[in-house]
Amino acid sequence: MFKVSPLRKRQFLGGIIGVVLGISIFYVLTLDAAEEYVSIGPMNTGHQDLSCFACHADAKGNLLQQVQSNISYTFGARAHSADFGTQDVTVNNCLECHDRANDRHPTYRFSEPRFKEAVSHIDATTCITCHTEHQEERVSVASINYCMNCHQDLVVENDPIDISHKDLIAQEEWFTCIQCHDFHGNHKYDVPEKLADTIPMQLIQAYFDGGADPYGTDKKYTALSQEEWLKTLEK
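Residues numbered from 1 in each chain as written. Predicted model: local features only at pLDDT ≥ 70, side-chain atom pairs only at ≥ 80, totals over all residues. Heavy atoms only, no water.

Engineer: Give me the lowdown on the overall build of the protein chain, citing residues and values where you can.
Structural biologist: The helix and strand tally for the protein chain stands at nine helices and zero strands. Secondary structure of the protein chain in N-to-C order comes out as α-α-α-α-α-α-α-α-α. When the 235 residues of the protein chain are sorted by exposure, 23% land in the buried category. Of all intrachain contacts in the protein chain linking residues separated by at least 6 positions in sequence, the fraction that spans at least 24 positions is 62%. Counting only carbon and sulfur atoms, one obtains 57% of the accessible surface of the protein chain, whose full area is about 16900 Å². (Helix = DSSP H or I, 4+ residues; strand = E, 2+ residues; numbered from the N terminus. Buried < 20%, exposed > 50% of the residue type's maximum accessible area, 1.4 Å probe, protein only. Contact = heavy atoms within 4.5 Å. Areas by Shrake-Rupley, 256 points an atom, 1.4 Å probe, with all protein chains shown as cover.)

Engineer: Hey, could you go over the nonpolar core for me, with residue numbers and the actual values?
Structural biologist: In globular proteins that are soluble, nonpolar side chains generally tend to be buried together. Membership of the largest hydrophobic core comes to 15 residues, with the highest contact counts inside it found for Val141, Tyr146, Ile178, Ile204, Phe208 and Tyr215. Broken down by element, this core gets its largest block of residues, three residues, from helix 8 (residues 201-208). (Core = buried A, V, L, I, M, F, W, Y, C linked by side-chain atoms within 4.5 Å.)

Engineer: Requested: an account of a nonpolar patch on the surface, with residues and values cited.
Structural biologist: A contiguous nonpolar patch, built from Leu63, Val67, Ile71, Phe75 and Phe84 and spanning about 530 Å² of accessible area, is present on the exposed surface. Relative to the helices and strands, Leu63 is located in helix 3 (residues 63-74). When its relative accessible area of 45% is taken as the criterion, Leu63 is described as partly exposed. (Patch = residues over 30% accessible without salt bridge, like charges linked within 9 Å, V, L, I, M, F, W, Y side chains within 5 Å. Salt bridge = Lys/Arg side-chain N within 4 Å of Asp/Glu carboxyl O.)

Engineer: Can you lay out the environment of Asp197 for me, pointing to particular residues and giving the numbers?
Structural biologist: Tracing the backbone shows Asp197 in the loop between helix 7 (177-180) and helix 8. For the pair Asp197 and Cys180, spaced 17 residues apart in sequence, the C-alpha separation works out to 9.1 Å.

Engineer: Give a description of the pattern of salt bridges that names residues and reports values.
Structural biologist: For the coordinates displayed, the defined rule picks out one salt bridge. Measuring nitrogen to oxygen at the nearest pair gives 2.7 Å for the salt bridge that ties Glu112 to Arg114. Overall, Glu112 belongs to the partly exposed group, its relative accessible area being 30%. Residue Arg114 is classed as exposed on the basis of its relative accessible area, which comes to 62%.

Engineer: Can you lay out helix 8 for me, pointing to particular residues and giving the numbers?
Structural biologist: Every buried residue belonging to helix 8 is among Ile204, Tyr207 and Phe208, and all of these are buried. Each buried residue of helix 8 lies within a common arc of 100 degrees when the element is viewed along its axis, so the set occupies one face. Summarising the contacts, the buried residues of helix 8 are in contact with helix 7. (Arc of directions from axis to C-beta.)

Engineer: Give me the packing of aromatic side chains: which residues, what numbers.
Structural biologist: Counted by the stated rule, this structure contains six aromatic pairs. Look at Tyr146 and Phe183: their rings are 5.7 Å apart centre to centre, the planes differ by 90 degrees, and that puts the pair in the edge-to-face class. Within this pair, whereas Tyr146 is found in the loop between helix 5 (116-121) and helix 6 (165-170), its partner Phe183 is found in the loop between helix 7 and helix 8, the two being separated by 37 residues in sequence. Ring geometry for Tyr189 versus Tyr215: centroids 5.6 Å apart, planes at 45 degrees, classification tilted. Taken as a pair, Tyr189 in the loop between helix 7 and helix 8 and Tyr215 in the loop between helix 8 and helix 9 (226-234) lie far apart in primary sequence, 26 residues in all. Relative accessible area serves as the criterion here: at 25%, Tyr189 is assigned to the partly exposed category. Overall, the relative accessible area of 5% leaves Tyr215 in the buried class. These aromatic residues form a ring-pair network of at least three members: Tyr189, Tyr207, Phe208 and Tyr215. (Phe/Tyr/Trp six-rings, centres within 6.5 Å; stacked < 30°, edge-to-face > 60°.)

Engineer: Describe unusual backbone geometry, naming the residues involved and giving the relevant values.
Structural biologist: One non-glycine residue with positive phi stands out, namely Asn158, at about 50 degrees. The topology assignment puts Asn158 in the loop between helix 5 and helix 6. One non-glycine residue, Glu172, adopts positive backbone phi at about 55 degrees. Looking at where Glu172 falls in the secondary structure, it is placed in the loop between helix 6 and helix 7.

Engineer: Describe the side chain of Gln66, listing the residues and the values that go with them.
Structural biologist: Relative to the elements of secondary structure, Gln66 occurs in helix 3. Setting aside residues no more than four positions away along its own chain, Gln66 makes contact with Ala59, Lys60, Gly61, Asp83, Phe84 and Gly85.

Engineer: How would you sum up the environment of Ala57? Please name residues and give values.
Structural biologist: The topology assignment puts Ala57 in the loop between helix 2 (35-38) and helix 3. A residue is classified by how much of its surface remains accessible, and Ala57, at 35% relative accessible area, is partly exposed. Distance from Ala57 to Gln87, taken between C-alpha atoms, is 5.6 Å for residues 30 residues apart in sequence. Not counting the four nearest positions on each side in its chain, Ala57 is found in contact with Thr86 and Gln87.

As structure tokens, then:
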């Protein structure tokens, strides 16, 4: 009678346990209740109520097809790699909830050839350059001098502020821009005419870090909630 060695039995049993355990872990991690454990960090301010799938759509194909496609890419049999697990998050994901006609700095504008030099310094063609997710903040750009990349030659006729824009630019006081003007122009408020009356940088930075809005709560546009976004998909 043919006998199976104890080592072979242990290998077979270990393989079965490994497969069952792997499938179980994969299943548990795909449950809604496990989102906080899967996430690479806390959601940014304003995104606390979003589910993962609002930004991370399932990648095309099943798990085996994704693995095979990426193996083929590794060995040069495919021109491009395939998304694994979920699709990459792009600017289009952001615009599904945040797109609006009144945006002073829409991402598509920076695809124009005249902004090629500016984009080489700060890639304003994509939202995640300034709004990196899972950082529990609003704005993650390192320095608030980004206006310098496009407005070096700015000329303001009948300049309303007591220290002219021309002088502020000459002095490279680029951080003062955001003290008067919110980048996307979505807030309704009166722009100050004296530099001393502008919003202090401490409040601006606190707002970027997730704090209270110093520009006020009167807005021209409010981003879609997850429920409103889901309704757009049904149309």
